[in-house]
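An overview of the molecular structure
Residues per chain are reported as follows:
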Amino acid sequence: MTHPPVQAPSCVPSFTPLHPPAAYTPSARSTRSIPDRVRPRRLSGAALSRAVALAALTTLAACGGGGDDDNGTATPAAYPHAQEPIGTVRQVYDGALTPDLSVNTFRNIDRLFPTRSITPSSTPLAMPKAAKQLTAVQFTSGGKAYDLVDYLALNRVSGLLVLKNGEIAHEAYLYGNTEKTRWMSMSVAKSITSTLIGAAIQDGLIGSLNDQVVKYVPRLAGSAYDGVTVRDVLMMASGVKWDETYTNPASDRRALLEAQISQKPGSALDLMAKLPRAAAPGTVNNYSTGETQIAGELLRGAVKKPLAQYLSEKIWTKVGMEAEANWWLDSPDGVEIGGSGISATLRDYGRFGLFIMNDGRAQGVQVVPPTWVAEAGSPKTLVGGTPLPFYGYMWWVPTTGQSAIDKAFYATGIFGQNIYINQKEKVVIVTWGAQSKPTGAGVVNNIDFFDAVVKAVR
């Protein structure tokens, strides 16, 4: 069925559509100065009132407004995309954004909901240009031949970073993106939340993966999450009933989105507490963004501070992130959305990948337990012995190709977001996607492309 194009709301002034360039040009810069930083966001009483009004929230998003920071002041002009018209969050999950509006929205998601800032390092980690650059990639996927340009065009890649031995082997920005652009993570945030749980275990704030969720989230006592362990949640195996269909307004995923849109404190957790049980804890894997909201809640209960602050303290400042990032909140000054909503620069996603590739060490300090990365990025086994070959602790595991042999793993998010980690070959690959549909819009298999890239930079 062909859908008519979705127009920007009438309150948006006319704008020049963004079109794919005739050819892309890899960035020639191997280093850059620290970009102008956005001031940390703090919600005033006036901002709270604005944020909790659903009609105002969606209208501001549709009109390209909502760019006020939490003090009610205008978004700093230093961000190159601050004045672009954007769509609404419902259009995002409906797959109803035009290609041009998708690009604008995906690099401005901090205008859709209140956010909390993630502070970068004062001494960014340098990523010099590699002597051997990725110039050509040719590979076969699904019986068809592709090259690098095919992958970029067919999968609507808006940013690509390839790191080999910590050096930049390829860096490209498309659709008007730049080194200052922040791009949405979508479910890549799940892997970051999982990593923070590892940090909390290393800090002794979470006793073990066998701890009960209700120990850290007492609100869930008596719910279907009573009896579920931290490990069950990380494997998305709580046994709690969940429908993840993004485009179905009646699904649990959309109900969670509506709770977030309401910006009512506790509404997301209230929703999760009402869900019924479908299987015994630990016995069935069922992909659930709600599960990562539980992960965020238990993490918040354990560390007793905002997740963005903990992420900044444990990783962002220690690893040497260069630019300020931000993270969606479930309500004004509330809890971060554990399964999505982080917005950061391409290189900082790459630096996070390097942190994981180095087994979670930063500045000589072990941030997560020494075996955490190996555990989180490897296949698991469910209670009863059922293998879970494609999933770790909120990280995905390739089951075919050279990546499976190399024991690589990756974080992934809808619309084309990926952080791929190959520790054996010392390769990190980051992709930003500007696909218009939540699922099924990527033409070329990502793992086939990643395998080809690893081979090309070997």
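Structural data are supplied above this passage.
Cut-off values and rules
Residues numbered from 1 in each chain as written. Predicted model: local features only at pLDDT ≥ 70, side-chain atom pairs only at ≥ 80, totals over all residues. Heavy atoms only, no water. Pairing = 2+ DSSP bridges. Helix = DSSP H or I, 4+ residues; strand = E, 2+ residues; numbered from the N terminus. Axes fitted to C-alpha atoms, helices over the stretch in contact; angles between N-to-C directions. Contact = heavy atoms within 4.5 Å. Buried < 20%, exposed > 50% of the residue type's maximum accessible area, 1.4 Å probe, protein only. Polar contact = N/O pair within 3.5 Å; in protein donor to acceptor, adjacent residues only side chain to side chain. Phe/Tyr/Trp six-rings, centres within 6.5 Å; stacked < 30°, edge-to-face > 60°. Lys NZ or Arg CZ within 6 Å of the ring centre and 35° of its normal. Salt bridge = Lys/Arg side-chain N within 4 Å of Asp/Glu carboxyl O.

Read across the open sheet, the five strands follow the order 5-4-15-14-13; overall the sheet is antiparallel. Looking along the sheet, the strands with just one partner apiece sit at the ends: strand 5 (167-173) and strand 13 (409-413). For this sheet the average axis-to-axis angle between neighbouring strands, irrespective of direction, equals 5°. The pairing of strand 4 (residues 157-164) with strand 15 (residues 427-433) spans seven bridges and is classified as antiparallel. Residue pairing for strand 15: L163 is matched across the bridge by V428. Along the sheet, helix 6 (residues 188-202) contacts strand 13 and strand 14 (417-422); its crossing angle with strand 13, the most-contacted strand, is approximately 125°. Against the sheet, helix 12 (residues 346-357) contacts strand 4, strand 5, strand 13, strand 14 and strand 15, and its axis sits at roughly 145° relative to strand 15.

Bringing the side chain of N177 into the picture now. Tracing the backbone through its elements, the reader meets N177 in the loop between strand 5 and strand 6 (183-184). Residue N177 is classed as buried on the basis of its relative accessible area of 7%. Polar contacts involving the side chain of N177 include one to the main-chain carbonyl oxygen of S158, which spans 3.1 Å. Residues contacting N177, with those up to four places away along its chain left out, are H81, R107, S158, W183 and W432.

Time to look at the sheet that holds strand 7 (residues 325-328). Ordered in space as 1-7-8-6, the four strands form an open sheet in which the pairing is antiparallel. Of all strands in the sheet, those bounded by a partner on one side alone are strand 1 (115-118) and strand 6. With two bridges joining them, strand 6 and strand 8 (residues 342-344) adopt antiparallel strand pairing. When the bridges of strand 8 are listed, W183 appears paired with A344. Across the sheet, helix 11 (residues 307-319) touches strand 1, strand 7 and strand 8, and the angle it forms with strand 1 is around 15°.

Moving on: the packing of aromatic side chains. As enumerated under the stated definition, the model contains 18 aromatic pairs in all. Residues F352 and F355 carry aromatic rings whose centres are separated by 6.2 Å and whose planes lie at 40° to one another, so their mutual orientation is tilted. Taken together, the residues span about one helical turn, with F352 and F355 both in helix 12 at a distance of three residues. Judged by relative accessible area, F355 falls into the buried class, the value being 2%. Lying over the aromatic face of Y175, R156 brings its terminal NZ or CZ to 4.7 Å of the ring centre.

If the charged atoms of two oppositely charged side chains come close together, the side chains can form a pair. What the rule picks out here adds up to 18 salt bridges. Here E179 ties to R347 by a salt bridge, and the two come within 3.7 Å at their closest N and O atoms. Of this pair, E179 sits in the loop between strand 5 and strand 6 while R347 sits in helix 12, placing them 168 residues apart in sequence. The exposure class assigned to E179 is buried, which follows from its relative accessible area of 10%. Residue R347 is classed as buried on the basis of its relative accessible area, which comes to 2%. What you see here is one network of salt bridges that share partners, running through K164, D406, K424, E425 and R458.

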